[in-house]
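The residues making up each chain are set out below.
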Amino acid sequence: MSPHPLNSPAAPILSYPAEDTYRPTGRATAIGLILCLAGGLLAAAIAAAGAFAWVVSKLPSWLVLPMVGQGVGVGLVLAWLFRRNKVRSSAAAVVIGIVCGIASATLFHFGLYVRNALVVRDQLRQDWRQLGMDQTPTGRQMLDQIGSHPLQLFDRTVIFPRTRHNGFLGYMMIRGTRVQVMALVQATIVAWLAVALGRQTTAKPFCEDCGAWFKPPVNAAVLPADCGGALAEAIEADDPQRVYAVHRAAGRELGTSCAVARVHACASCGKQYADVVIVASAGASRSQRVVRQLRRVSPETVTALKWEAPDPAPPP
Ligand SMILES: [Zn+2]
């Protein structure tokens, strides 16, 4: 195994250590992005239908719960699509998430618009029946005709006379400020969740040489939290001896928080990156804080992190 280029004496001084930190390249194929957008819009429609059914069925909604469900649904589908289509572009994830979030909120209100139109139609039919219009064949025919175009009927009898606008736009104007503000809040919540969940995926490590995502990380070293800084420095230096030294100096008690060095490896070429997170658990909740971003490490450093090879103890 040749020494790491930055550690070898021949390495040019100009090489900058930050190059060894993993950064997403922002790449994605056009066809991949189109598939993500199409799939995301489909998910947006299904999530809108779910939120609509929830609100209409009068289940307890606590105002924002259906919206949060809508956003989580769209976000999880987008995350899956980005991973499947190998999207490493955070900007693309943001744009697609916003488009799908706004589409989902709009479709939700479009559903309410259609439902309102049907209510108006049924009300009119009932009124006319009470006037005895269904007693004659002509009257029955008129009732059927009116019933077959509920959106036009809604336009002519309610929306246009009140707003001088037609269709969905006019309907949203009738609904008043409160519903308009709620629609904006809904679009914001759904878009924000879709972006947050989707973008995480695009930042995951990807091997550009092999065209594949890295394997899920493994916890190579779990040490007391106060070792986090030393562990991060040893990884930064990609120095197995320093990693062994951290292991030897570490206490055995982990307490409620610990420093974890995670190793992410490419399944094909074996390229490895390590990061350090402080994991704190209080009761059932766990929080995680990254103290060292993904850094390229040598196999020797990984072996030292796992403390698998016999520890080369210093000579007596
Ligand atoms: Zn690879």
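**Remarks on the overall build of the protein chain**
Inference 1: For the protein chain, the helix and strand inventory stands at ten helices and six strands.
Inference 2: A compact globule built from 316 residues would reach a C-alpha radius of gyration of about 20 Å, whereas the protein chain, at 30 Å, exceeds it by more than 25%.
Inference 3: Across its three principal directions, the C-alpha atoms of the protein chain cover 110 × 45 × 30 Å.
Inference 4: Counting across all 316 residues of the protein chain, residues that qualify as buried make up 29%.

**Examining the domain arrangement of the protein chain**
Inference 1: Here the protein chain is described as being made up of domain 1 (30-204) and domain 2 (212-306).
Inference 2: Here the C-alpha centre of domain 2 lies 46 Å away from the C-alpha centre of domain 1.

**Considerations on the sheet that holds strand β3 (residues 218-224)**
Inference 1: With respect to topology, four strands assemble into an open sheet ordered β3-β4-β5-β6, the strand pairing being antiparallel. Either end of the sheet is taken by a strand with one partner, and the two such strands are β3 and β6 (285-296). Each adjacent strand pair in this sheet contributes to an overall mean axis angle of 25°, direction not counted.
Inference 2: When strand β4 (residues 257-265) meets strand β5 (residues 272-282), the two strands line up antiparallel, connected through nine bridges.

**Structural notes on the pairing of β6**
Inference 1: For β5 and β6, the ladder comprises nine bridges, and the chain directions are antiparallel. The partner of Val-277 across the bridge, within β6, is Val-290.
Inference 2: Between the end of β5 and the start of β6, which pair antiparallel, lie two residues, with Gly-283 showing a positive phi angle near 65°.

**Topic: the nonpolar core**
Inference 1: With 29 residues, the main nonpolar core has Ala-44, Val-74, Leu-78, Phe-82, Cys-100, Val-190 and Ala-194 as its most contacted residues.
Inference 2: Contributing elements (two or more residues each) for this core: α1 (30-56), α2 (65-84), α3 (90-130) and α7 (176-202).
Inference 3: In this structure Cys-100 touches Gly-40, Leu-41, Ala-43, Ala-44, Val-74, Leu-78 and Ala-194, once residues within four positions along its chain are discounted.
Inference 4: Core analysis: the second largest hydrophobic core is formed by 28 residues, Leu-223, Ile-235, Ala-261 and Val-277 among them.

**Re the packing of helix α5 (residues 150-163) against helix α6 (residues 167-174)**
Inference 1: Contact geometry for α5 and α6: axes closest at 9 Å, N-to-C directions at 65°. At the point where α5 passes α6, the crossing takes the left-handed sense. Of α6, the residues touching α5 (which contributes Asp-155, Ile-159, Phe-160, Arg-162 and Thr-163) are Gly-167, Gly-170, Tyr-171, Met-173 and Ile-174.
Inference 2: Grouping the constituent residues of the contact of α5 with α6 by class yields five nonpolar, three polar and two charged.

**So, helix α8 (residues 228-236)**
Inference 1: Listed in full, the buried residues belonging to α8 are Gly-228, Leu-231, Ala-232, Ala-234 and Ile-235. The buried residues of α8 occupy one face: seen down the axis, they fall within an arc of 160°.
Inference 2: Check the buried side of α8 and you find it contacts β3, α9 (240-249), β4, β5, β6 and α10 (299-306).
Inference 3: Among the residues trailing α8, Asp-238 stands out with phi positive, at a value near 50°.

**Notes on the environment of Ile-31**
Inference 1: Within the element layout of this structure, Ile-31 appears in helix α1.
Inference 2: The exposure class assigned to Ile-31 is exposed, which follows from the 9 C-beta atoms found within 10 Å.
Inference 3: Spatially, the C-alpha atoms of Ile-31 and Asn-85 are 8.6 Å apart, while their sequence positions differ by 54 residues.

**With respect to the environment of Phe-82**
Inference 1: Within the element layout of this structure, Phe-82 appears in helix α2.
Inference 2: The buried category is assigned to Phe-82, around which 30 C-beta atoms lie within 10 Å.
Inference 3: Distance in space between the C-alpha atoms of Phe-82 and Gly-198 is 7.1 Å, their sequence separation being 116 residues.

**Examining the packing of α9 against α10**
Inference 1: One way to put it is that α9 packs onto α10 with a least axis distance of 8 Å and a crossing angle of 5°. By the angle between their directions, the pair α9 and α10 is classed as roughly parallel. From α9, Pro-240, Val-243 and Tyr-244 reach across to α10, where they touch Glu-300, Thr-301, Thr-303, Ala-304 and Leu-305.
Inference 2: Across the contact of α9 with α10, the residue classes tally to five nonpolar, two polar and one charged.

**Things to note about unusual backbone geometry**
Inference 1: Within the chain, Lys-86 stands out as a residue other than glycine whose phi angle is a positive 55°.
Inference 2: Examined against the element boundaries, Lys-86 turns out to sit in the loop between α2 and α3.
Inference 3: By the C-beta count within 10 Å, which is 15 here, Lys-86 ends up partly exposed.
Inference 4: With a phi close to 65°, Arg-164 is a non-glycine residue in the positive phi region.
Inference 5: Relative to the helices and strands, Arg-164 is located in the loop between α5 and α6.
Inference 6: For Arg-164, a count of 9 C-beta atoms within 10 Å puts it in the exposed group.

Reading the values: the criteria
Residues numbered from 1 in each chain as written. Predicted model: local features only at pLDDT ≥ 70, side-chain atom pairs only at ≥ 80, totals over all residues. Helix = DSSP H or I, 4+ residues; strand = E, 2+ residues; numbered from the N terminus. Rg over C-alpha atoms; globule rule 2.2 N^0.38 Å. Buried ≥ 20, exposed ≤ 12 C-beta atoms within 10 Å, placed from the backbone. Domains from an automatic or database assignment. Pairing = 2+ DSSP bridges. Axes fitted to C-alpha atoms, helices over the stretch in contact; angles between N-to-C directions. Core = buried A, V, L, I, M, F, W, Y, C linked by C-beta atoms within 7 Å. Contact = placed C-beta atoms within 7 Å. Left-handed = near helix turned anticlockwise from the far one by under 90°. Nonpolar A, V, L, I, M, F, W, Y, C, P; charged D, E, K, R; others polar. Arc of directions from axis to C-beta. Parallel < 35°, antiparallel > 145°, perpendicular 65-115°, else oblique.

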